[in-house]
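# Secondary and tertiary structure notes
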Amino acid sequence: MHLEEFAEGKSFFHLLDPRVKFLAAIPYLFLLAIIPGWQAPFAALAFSIWWAIWARLDSRRLLNRLAFVNVFVLMIFLFLPLSLPGEQIRIFGLFSVSREGVFQALAIALKTNAIVLTTIVILGTTEVFSLAHALVHLKFPPKLVHLF
């Protein structure tokens, strides 16, 4: 898998300064990770899709990347509704599917896809060396930059 497969291009996201990308992406991604419910993550996923279209990313390669992530999300969808207590929607023998579990799995799926897609659009449209150089300029610890 090529690390910089989305780094080439002439879109708005490709031309943005990597320091600005980091300063914009990190708080947004943390906010997205902690926001409750499923409506806000749904809106964030819609924005991420719009940004991916705006960045003119190859949809086949992008969907291929998202497919790997969604294999794990599928596992959450299979087990969380069965294991989280709450109002029963359906019963399968000894197992019951809870409404809360379904909504929690939906929220996790939306957040995961929005976070991965946003990360690809914002940070993946820059060469790795430029991102590391931006971290140096943002005064990140040198050991962390070397690990990156």
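Let us look at the structure shown here. The shown structure was predicted, so the numbers you read here are calculated from the model rather than taken from an experiment.

Rules used in this analysis
- Residues numbered from 1 in each chain as written.
- Predicted model: local features only at pLDDT ≥ 70, side-chain atom pairs only at ≥ 80, totals over all residues.
- Heavy atoms only, no water.
- Helix = DSSP H or I, 4+ residues; strand = E, 2+ residues; numbered from the N terminus.
- Buried < 20%, exposed > 50% of the residue type's maximum accessible area, 1.4 Å probe, protein only.
- Contact = heavy atoms within 4.5 Å.
- Areas by Shrake-Rupley, 256 points an atom, 1.4 Å probe, with all protein chains shown as cover.
- Lys, Arg positive; Asp, Glu negative; His and termini not counted.
- Charge placed at Lys NZ, Arg CZ, Asp CG, Glu CD.
- Phe/Tyr/Trp six-rings, centres within 6.5 Å; stacked < 30°, edge-to-face > 60°.

## Thoughts on the overall build of the protein
The secondary structure content of the protein amounts to seven helices and two strands. Mapped in sequence order, the helices and strands of the protein form the string α-α-α-α-β-β-α-α-α. For the protein, the spread of C-alpha atoms along the principal axes amounts to about 55 × 35 × 25 Å. For the protein, the residues scored as buried account for 34% of the 148 residues in total. Restricting to contacts in the protein with at least 6 residues of sequence separation, those with at least 24 account for 70%. Accessible surface, the protein: about 9,800 Å² in total, of which carbon and sulfur atoms supply 71%. For the protein, the distance from the average position of its 12 positive side-chain charges to the average position of its 8 negative side-chain charges is 3 Å.

## As for the packing of aromatic side chains
Within this structure, the stated rule accounts for four aromatic pairs. With a centroid separation of 6.4 Å and 35 degrees between ring planes, the pair formed by F47 and W51 is classed as tilted. Here F47 pairs with W51, and both are found in helix α3 (residues 39–54), just four residues apart, close to one helical turn. The class for W51 is buried, based on a relative accessible area of 18%. Here the aromatic residues Y28, F47 and W51 are joined through ring pairs into a cluster of three or more.

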